[in-house]
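The chain contents come next:
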Amino acid sequence: TWHLKKIPQIVRERTFSLDSPKFEAKTKLELNSVCGIECQRKLPVPSLSDLKNLLSYETVFENGTRTLTEVNVLGVVLDPAGNTTTRRPSRKKRQIYGTDSRFSIYDKRFMTNFPFNTAVKISTGCSGILVSPKHVLTAAHCLHNGKDYVKGSKRLRVGLMKTKSRGNGRKHKGTSDGMPSFQWTRVKSTHIPKGWFKGVSGDIALDYDYAVLELKRPHKRKYMELGISPTIKMMPGSMIHFSGFDDDRSGQLVYRFCSISDESNDLFYQYCDAEPGSTGSGIYLRLKEPNKKKWKRKIIAVYSGHQWVDINGEQQDYNVAVRITPLKYAQICFWIHGNDENCTQG
């Protein structure tokens, strides 16, 4: 069951103008030297002033201007247990683990219907998911490398899936029926939490690898609601689901489901088969609505991609996802609605 939780409040304190970014960073779909499971265990619990700093955010507008918004955090309960993780046996493998368990979705009826049609393509090469009529959730590193915005993010666009019609007799070059083509929409503004920037988080921490894009024009399709990520124990079969546009299956929407191996307060570590391109996909669960017989899918994490992490001095690889905690729920919800009135219950 989805459990309702009281959400901390994120309140805008002040907004400053910053210089325009250079937009010169290279897009890196695989991150190295991130703070892994062992390193997460040793991190101190962030204080309230740390949280205010980490959850302040930058906004970049389509004309290249940039602002920094400082926030205050109200009603947060700091967890003294710190970044505890659940230990499971470690494995040392690649992005595809054993038999490739991904499914390419070819059928138009599935591709253009919920939940698959909530998946979008980002022009920098990542995936994302629709979270409102005008907003897309994706991974921060698809737009920013911790020091600067990536080259392609200056004229950022989002591709919404449409299947080609046979009606007009014309075929687009190099495409086939049933494959998705994209209706591209310009991005009006981008929000990235300060916790993602080097110098704030020190060691690059994946905990803040998420971003929200506001589209220039609203779309008319169904989007996925946000949910608060339960612990592994509270998930049916500890299974998660996500769809994205993996690089090795060009032009196809790729769906997968798998179980989570390990978790910290902010991250899921799992062996879902995935390739670059699916980074930024929304990870969702299907749980029952409280006191109802209805099932509902909600996004509970953002797929951050394949990461090499240091465990006991040994490089191991995992596919990592950033969990939507009550604090992140409050922030993303605030970015979507522009106020916190709609964000009191998650």
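Residues numbered from 1 in each chain as written. Predicted model: local features only at pLDDT ≥ 70, side-chain atom pairs only at ≥ 80, totals over all residues. Heavy atoms only, no water.

Looking at an unreviewed UniProt entry, one finds the chain named Inactive serine protease 35, with Menura novaehollandiae as its source organism. One UniProt comment on the chain, placed under Subcellular location (unreviewed entry), says "Secreted". (UniProt positions renumbered as here; feature names shortened; annotations may be inferred.)

S.K.: Even after reading the chapter, I still don't get the pattern of salt bridges, so can you show me in this structure?
M.R.: Opposite charge on two side chains permits them to pair, given that their charged atoms come into close proximity. A full pass over the atoms with the stated rule returns eight salt bridges. For Lys328, the salt bridge identified is with Asp266, shortest N-O distance 2.7 Å. Here the residue Lys328 occupies a position in helix H4 (residues 326–337), and Asp266 occupies one in the loop between strand E14 (253–263) and strand E15 (267–270), the gap between them amounting to 62 residues. The exposure class assigned to Lys328 is buried, which follows from its relative accessible area of 2%. Residue classification places Asp266 among the buried positions, given a relative accessible area of 14%. Sharing partners across several salt bridges, the network here consists of Glu62, Arg186 and Lys216. (Salt bridge = Lys/Arg side-chain N within 4 Å of Asp/Glu carboxyl O. Helix = DSSP H or I, 4+ residues; strand = E, 2+ residues; numbered from the N terminus. Buried < 20%, exposed > 50% of the residue type's maximum accessible area, 1.4 Å probe, protein only.)

S.K.: Please explain the state of the cysteines as it appears in this structure.
M.R.: Covalent bonding between the sulfur atoms of two cysteines defines a disulfide. Summed over the entire model, instances satisfying the criterion amount to one disulfide. The disulfide that involves Cys126 links it to Cys142, with 2.1 Å between the sulfurs. Given an S-S torsion of about -95 degrees, the disulfide between Cys126 and Cys142 has left-handed geometry. Of this pair, Cys126 sits in the loop between strand E6 (119–122) and strand E7 (127–130) while Cys142 sits in the loop between strand E8 (135–138) and strand E9 (157–163), and the two are 16 residues apart along the sequence. In this structure Cys126 comes out as buried when scored by relative accessible area, which is 0%. Overall, the relative accessible area of 0% leaves Cys142 in the buried class. (Disulfide = S-S within 2.5 Å.)

S.K.: Would you mind showing me how to read helix H2 (residues 48–55) here?
M.R.: Residue pairs spaced three or four apart in an α-helix point in one direction, given the helix's 3.6 residues per turn. For H2, the full list of buried residues reads Leu51, Leu54 and Leu55. One face of H2 carries all of its buried residues, which in axial projection span an arc of 85 degrees. (Arc of directions from axis to C-beta.)

S.K.: Teacher, can you tell me more about the environment of Gln252 here?
M.R.: Relative to the helices and strands, Gln252 resides in the loop between strand E13 (239–244) and E14. In this structure Gln252 comes out as buried when scored by relative accessible area, which is 13%. Between the C-alpha atoms of Gln252 and Ser181, which are 71 residues apart in sequence, the distance is 9.4 Å.

S.K.: I'm lost on the pairing of E8 in this one. Help?
M.R.: Consecutive residues of a regular strand have side chains that alternate between opposite faces of the sheet. On E8, burial covers both faces: His135 and Leu137 on one face and Val136 and Thr138 on the other are all buried. The loop that links E7 with its antiparallel partner E8 comprises four residues. Summarising the sheet, E8 and strand E11 (residues 211–215) pair through four bridges and their orientation is antiparallel. Bridge pairing in E11 places His135 opposite Glu214. (Pairing = 2+ DSSP bridges.)

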